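Architecture and fold: a report
Here are the chains, one letter per residue:
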Amino acid sequence: MNDMIKKTAVASILSMGIISSIYTTTTLAYEPSDQVQTVAHRGAAGYAPENTMAAFHKGVEMKADYIEIDVQETKDGELVVIHDVTLDRTTNGTGYVKNHTLQEIRQLDAGSYFGEEFAGEKVPTFEEVLDEFRGKSGILIELKATYYYPGIEEKVAAALKERNMHLPAHDKIIIQSFEFDSMQRMDKLLPQVPVGVLTSRATDLSEAKLSEFAAYAEFVNPSRTLVNSSIVDEVHERHMGIMAWTVRKQEEVQPLLDAGVDGIITDYPDYTPRH
Ligand code: G3P
Ligand code: CA
């Protein structure tokens with residue numbers, strides 16, 4: 001894996017826990033790792049209801065390097081961890097997350113849809129996940145549908161700062177989104193926290209777009225279907241890391257390893273090489 005260079009002030013990254021120091025100018029930011037990072041997607045979502053404490057605990061138990069969480073905002077401005085913008089698929093509620101208060105959402109069952117043994121699992125709050133998993137796992141934080149939640153970046157930054165989790169020497173945190181403007185904002189708010197751009201569009205992997213991302217991002221995280229060794233090289237040449245999503249079959253792992261990715265985001269953390 002190539003060295004990564006952060007353009008502004010920065011921190012560590014992928015390697016994941018190995019931080020040499022913090023710089024305020026363009027410089028090397030970390031020691032490269034030869035170990036591909038395993039990210040438990042929405043927790044170990046193949047084994048437990050996604051984005052629940054049960055799923056995150058499962059990811060840790062399966063020795064994932066990171067848990068991945070999806071963050072949105074309630075009607076009363078609280079940060080919650082849920083993937084869809086609506087409640088319908090993963091809870092016994094209906095309607096948009098943004099149209100319900102935290103108290104309403106906390107009453108919902110977010111486990112039964114997956115299996116009766118998970119009945120009673122709640123939609124976690126963002127802060128609850130930070131408090132429970134800091135020090136136990138890296139946390140890959142995805143900001144979902146930020147166009148619905150103006151100012152969510154400031155709230156996420158405040159929650160991390162309150163806990164000193166914006167300092168890479170303390171915690172392994174990465175923030176990512178499909179909304180690139182949101183990540184530019186996040187990079188300014190928390191210059192020491194690595195940010196990533198998510199994409200499922202091949203056009204976002206052009207040389208021009210990758211160079212644009214390199215101005216503020218430390219990761220380009222594409223759909224696994226777009227990943228090959230030349231894309232990986234292009235990303236690395238711009239001093240960023242690349243993590244591919246979402247692996248749901250064992251046979252999807254080796255091509256990503258062969259391509260040279262830095263991380264594999266998977267519902268099944270046991271499919272990737274252990275270390
Ligand atoms: O971490 C990458 C992945 O989570 C992006 O897709 O829809 O599962 O949030 P999605
Ligand atoms: Ca996600």
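Structure: above.
The notes below deal with the structure included here. (Residues numbered from 1 in each chain as written. Chains lettered and ligands numbered in written order. Predicted model: local features only at pLDDT ≥ 70, side-chain atom pairs only at ≥ 80, totals over all residues. Heavy atoms only, no water.)

A short note on the nonpolar core
Grouped together as the largest cluster of nonpolar side chains are 63 residues, with contacts concentrated most on Ile69, Phe126, Ile141, Leu160 and Ile175. The element contributing the most residues to this core is helix α4 (residues 152–162), with five residues. If you look at the next biggest cluster of nonpolar residues, it comprises nine residues, including Tyr66, Ile174, Trp245 and Ile265. (Core = buried A, V, L, I, M, F, W, Y, C linked by side-chain atoms within 4.5 Å. Buried < 20%, exposed > 50% of the residue type's maximum accessible area, 1.4 Å probe, protein only. Helix = DSSP H or I, 4+ residues; strand = E, 2+ residues; numbered from the N terminus.)

Some details on the coordination of the calcium ion (ligand 2)
The protein atoms that coordinate the calcium ion (ligand 2) are Glu68 (OE), Glu68 (OE), Asp70 (OD) and Glu142 (OE), at distances of 2.1 to 3.2 Å. Its six donor atoms give the calcium ion (ligand 2) angles of 43 to 176° at the centre, a pattern that matches the irregular case. Each donor residue of the calcium ion (ligand 2) lies on one chain, and together they are spaced E-x1-D-x71-E. (Donors = N, O, S within 2.8 Å, 3.2 Å for Na, K, Ca; no water. Tetrahedral: all angles 85-135°; square planar, octahedral: opposite > 155°, others 65-115°.)

Some remarks on the site of ligand 1
Every residue close to ligand 1 is listed here: His41, Arg42, Glu68, Asp70, His83, Glu142, Lys144, Gln176, Phe178, Leu198, Trp245 and Ile265. The separation between an oxygen atom of ligand 1 and a polar side-chain atom of Arg42 is 2.7 Å. For ligand 1, an oxygen atom lies 2.7 Å from a polar atom in the side chain of Lys144. For ligand 1, the accessible surface in isolation is 290 Å², of which the surrounding protein chains cover 92%. Of the residues that constitute the shell around ligand 1, the class distribution is four nonpolar, three polar and five charged. (Near = heavy atom within 4 Å. Polar contact = N/O pair within 3.5 Å; in protein donor to acceptor, adjacent residues only side chain to side chain. Areas by Shrake-Rupley, 256 points an atom, 1.4 Å probe, with all protein chains shown as cover. Nonpolar A, V, L, I, M, F, W, Y, C, P; charged D, E, K, R; others polar.)

A short note on helix α1 (residues 53–61)
Buried residues of α1: Met53, Ala54, Ala55, Phe56 and Gly59, and no others. The secondary structure elements touched by the buried residues of α1 are β3 (37–40), β4 (66–73), β5 (79–81) and α3 (126–133). Lys63 sits one or two positions beyond α1 and adopts a positive phi of about 65°. (Contact = heavy atoms within 4.5 Å.)

Overview of the packing of α4 against helix α5 (residues 180–189)
Each pair of packed helices gets described by two things: the angle between the helix axes and the distance between those axes. It is at 10 Å that the axes of α4 and α5 come closest, and there the two elements cross at 35°. In this structure, the crossing between α4 and α5 has a hand that is right-handed. On the side of α4, the interface is formed by Glu153, Glu154, Val156, Ala157 and Lys161, while α5 contributes Ser182, Arg185, Met186 and Leu189. Of the residues contributing to the contact of α4 with α5, the split by class is four nonpolar, one polar and four charged. (Axes fitted to C-alpha atoms, helices over the stretch in contact; angles between N-to-C directions. Left-handed = near helix turned anticlockwise from the far one by under 90°.)

Structural notes on a nonpolar patch on the surface
On the surface, Tyr96, Tyr147 and Tyr148 cluster together into a nonpolar patch covering about 320 Å² of accessible area. The exposure class of Tyr148 is partly exposed, given its relative accessible area of 31%. (Patch = residues over 30% accessible without salt bridge, like charges linked within 9 Å, V, L, I, M, F, W, Y side chains within 5 Å. Salt bridge = Lys/Arg side-chain N within 4 Å of Asp/Glu carboxyl O.)

Re helix α7 (residues 229–237)
In an α-helix, one turn spans 3.6 residues, which is why side chains three or four residues apart end up on the same side. Listed as buried for α7 are Ile231, Val232, Val235 and His236. The buried side chains of α7 occupy one side of the element, clustering within an arc of 135° when seen end-on. Buried residues belonging to α7 abut α6 (207–213), β9 (219–222), β10 (241–247) and α8 (253–259). His239 lies just past α7 and shows a positive phi near 65°. (Arc of directions from axis to C-beta.)

Remarks on the pairing of strand β11 (residues 263–266)
In β11, alternate side chains face the same way, and those of Gly263 and Ile265 on one face and Ile264 and Thr266 on the other are all buried. Where β3 lies against β11, four bridges are found, and the strand directions are parallel. Within the sheet, the bridge partner assigned to Ala40 lies in β11 and is Thr266. Note that β10 and β11 share four bridges and pair parallel. By the bridge assignment, Met243 is partnered in β11 with Gly263. (Pairing = 2+ DSSP bridges.)

Side note on unusual backbone geometry
Look at the link from Trp245 to Thr246: it is a cis peptide, with omega at -15°. One non-glycine residue, Lys63, adopts positive backbone phi at about 65°. Looking at the secondary structure, you find Lys63 in the loop between α1 and β4. Classification of Lys63 as exposed rests on a relative accessible area of 60%. Positive phi is not limited to glycine here, since His239 has a value of about 65°. Residue placement: His239 occurs in the loop between α7 and β10. By relative accessible area, which is 26% here, His239 ends up partly exposed.

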